[in-house]
Amino acid sequence: FGTIMDADGRRWPTYFVSVGRPLSSRELGALEKTRAALAAAYELCRKQDVKFLVAFAPTAFRTYAGLSTLVEASEEVRNAVPNDLPGRMRNLLAGISSDIGFIDLTPAFRSEAEQGRLIFLLDDIHWTPHGHRVVAEALHKTLASPAGPP
């Protein structure tokens, strides 16, 4: 758990479903299943001449860890470090095809959270209305880019 301070200086108790830790062997195995599913999805899109974009949505812990707006935290949260899942996902997709777009929403979430905007519901894994707006804007920016999805 922790306490997040919003832009108005109000403090909000927040509960993190999971905190940073290395990926387990079970989770690494699940990534292989994810790879197979994404490869199949990409192939279906490719056959229909449809661009394929994968968005990585971070957890609340990955979003708030180490930010100044996380003003109090349990020892477990203070000592945890986010794992390397976004990089693994980027590499996994690159191994399937360089034509697959990838956007990591972590920087957008962290930027907004650092400004005291609540991204997640305080006792839930779901996004606040502002969190949804951040995702929509990040996806729009990516999709509207002249270069297209990364």
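Residues numbered from 1 in each chain as written. Predicted model: local features only at pLDDT ≥ 70, side-chain atom pairs only at ≥ 80, totals over all residues. Heavy atoms only, no water.

Caption draft 1: Layout of the packing of aromatic side chains. Tallying each qualifying case throughout the model produces 5 aromatic pairs. Geometrically, the ring pair formed by F109 and F120 is edge-to-face, given 5.7 Å between the ring centres and 80° between the ring planes. Here F120 lies in the loop between α5 (106-114) and α6 (129-144) and F109 lies in helix α5, a separation of 11 residues in the sequence. Exposure class is identical for F109 and F120. Each is buried. Taking the relative accessible area as the measure of exposure, F109 reaches 0% and is therefore buried. Among the aromatic residues, those joined into a cluster by ring pairs are Y64, F109, F120 and W127. (Phe/Tyr/Trp six-rings, centres within 6.5 Å; stacked < 30°, edge-to-face > 60°. Helix = DSSP H or I, 4+ residues; strand = E, 2+ residues; numbered from the N terminus. Buried < 20%, exposed > 50% of the residue type's maximum accessible area, 1.4 Å probe, protein only.)

Caption draft 2: Broad picture of the nonpolar core. Judged by nonpolar contacts, the single largest core of 21 residues is most densely connected at F16, F61, Y64, V77, F109 and I119. Looking at this core, the elements that each hand over two or more residues are α2 (60-64), β4 (70-73), α5 and α6. Excluding residues within four positions of it along the chain, F109 makes contact with P58, T63, I119, F120, W127, G131, V134 and V135. Grouped together as the second largest cluster of nonpolar side chains are 14 residues, Y42, V54, I96 and F102 included. (Core = buried A, V, L, I, M, F, W, Y, C linked by side-chain atoms within 4.5 Å. Contact = heavy atoms within 4.5 Å.)

Caption draft 3: Examining the packing of α5 against α6 more closely. Across the interface, α5 lies against α6 with an axial gap of 10 Å and an inter-helix angle of 135°. Taken together, the axes of α5 and α6 lie oblique to each other. Considering how the two elements wind past one another, α5 and α6 form a crossing that is right-handed. The segment α5 lies against α6, with A108, F109 and E112 engaging H130, G131, V134, V135 and A138. Among the residues making up the contact of α5 with α6, the classes are represented as 5 nonpolar, 2 polar and 1 charged. (Axes fitted to C-alpha atoms, helices over the stretch in contact; angles between N-to-C directions. Parallel < 35°, antiparallel > 145°, perpendicular 65-115°, else oblique. Left-handed = near helix turned anticlockwise from the far one by under 90°. Nonpolar A, V, L, I, M, F, W, Y, C, P; charged D, E, K, R; others polar.)

These figures capture arrangement, not role.
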